[in-house]
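Below, each chain spelled out in residue letters.
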Amino acid sequence: MRRITHAVAALAMAAAALTTTGAGSAGAAAGDWAGCPSGAVCIYPQDQDPAVSPSAVHWSYGAHNLSGQYGNHWVLNNQTGGAHAHLCRASGGGDCVYDIAAQRGVYYDLGPINSITLDRP
């Protein structure tokens, strides 16, 4: 199931990259991915597919509590240097259930997710 999810995520991200590039994003900095700045982890609005414009951008390492996030959202880890992000059921970064490697994304139901962590490599 994870292979299918990752394959779908890869295809959707490729489509998002083409959509963003085709929309004339000449002002975007190198390394931006579907509107997510290089070095950040981005959460997109519910059911926005493909991912185009993030509703939340997280820059700092550590736990970030989420609120009002229900249903399926794209979460893109555009951090550099191999940093990971984790989706966690508890606030404050506890009970993490999904690991997102650098330069990867996942379309995930954030209803049971209460925090996200950005972790140094």
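In what follows, the structure referred to is the one given above.
Definitions and cut-offs
Residues numbered from 1 in each chain as written. Predicted model: local features only at pLDDT ≥ 70, side-chain atom pairs only at ≥ 80, totals over all residues. Heavy atoms only, no water. Helix = DSSP H or I, 4+ residues; strand = E, 2+ residues; numbered from the N terminus. Polar contact = N/O pair within 3.5 Å; in protein donor to acceptor, adjacent residues only side chain to side chain. Contact = heavy atoms within 4.5 Å. Pairing = 2+ DSSP bridges. Axes fitted to C-alpha atoms, helices over the stretch in contact; angles between N-to-C directions. Disulfide = S-S within 2.5 Å. Buried < 20%, exposed > 50% of the residue type's maximum accessible area, 1.4 Å probe, protein only. Phe/Tyr/Trp six-rings, centres within 6.5 Å; stacked < 30°, edge-to-face > 60°. Core = buried A, V, L, I, M, F, W, Y, C linked by side-chain atoms within 4.5 Å.

A. Structural view of the side chain of Gln79. Along the chain, the position of Gln79 falls in the loop between strand S4 (72-77) and strand S5 (84-88). Reaching out from Gln79, the side chain makes a polar contact with the backbone oxygen of His84 at a distance of 3.2 Å. Beyond its immediate chain neighbours, meaning those up to four positions away, Gln79 contacts Gly39, Ala40, Val41, Tyr61, His84, Ala85, Ala102, Gln103 and Leu118.

B. Broad picture of the sheet that holds strand S2 (residues 56-58). Reading across the sheet, the 4 strands line up as S2-S1-S4-S7 and stay open at both edges, with antiparallel pairing between neighbours. Of all the strands in the sheet, the pair left with one neighbour each is S2 and strand S7 (104-109). Taken over all neighbouring pairs, the strand axes of this sheet differ in orientation by 15° on average, direction set aside. Pairing of strand S1 (residues 41-43) with S4 involves 3 bridges; the strand directions are antiparallel. Counted as the bridge partner of Cys42 is Leu76 from S4.

C. Spatial organisation of the state of the cysteines. Applying the stated criterion across every chain yields a total of 2 disulfides. Note that Cys88 is cross-linked by a disulfide to Cys96, the S-S spacing being 2.1 Å. Between Cys88 and Cys96, the S-S torsion sits near 70°, and that sign places the bridge as right-handed. We classify Cys88 as buried; its relative accessible area is 0%.

D. Focus on the packing of aromatic side chains. All chains considered together, the criterion is met by 2 aromatic pairs. A centroid spacing of 5.1 Å and a plane angle of 45° characterise the contact between Trp74 and Tyr107, whose relative ring orientation is tilted. With Trp74 in strand S4 and Tyr107 in strand S7, this residue pair connects regions lying 33 residues apart in the sequence. Between the aromatic rings of Tyr98 and Tyr108, the centroid separation amounts to 5.3 Å while the plane-to-plane angle is 55°, which identifies the pairing as tilted. Of the two residues, Tyr98 sits in strand S6 (residues 96-100) while Tyr108 sits in strand S7, which places them 10 residues apart along the sequence.

E. View of the nonpolar core. Core analysis: the largest hydrophobic core is formed by 14 residues, its most contacted members being Val75, Leu87 and Ile100. Listed by contribution, the elements that provide at least two residues to this core are S1, S5, S6 and strand S8 (115-119). When residues no more than four places from it in sequence are discounted, the contact partners of Leu87 are Val75, Cys96, Val97, Tyr98, Ile100, Val106, Tyr108, Leu110, Ile113, Ser115 and Ile116. By size, the runner-up hydrophobic cluster in this structure holds 9 residues, among which are Trp33, Ala34, Tyr44 and Ala51.

F. How the structure looks around the sheet that holds strand S3 (residues 62-65). As summarised here, the arrangement of the 4 strands in space is S3-S8-S5-S6, forming an open sheet in which the pairing is antiparallel. With partners counted over all chains shown, the strands left at the sheet margins are S3 and S6, one partner each. The mean inter-strand angle of the sheet, taken between neighbouring strand axes irrespective of direction, is 25°. Pairing of S3 with S8 involves 4 bridges; the strand directions are antiparallel. Bridge pairing links Gly62 to Leu118 in S8.

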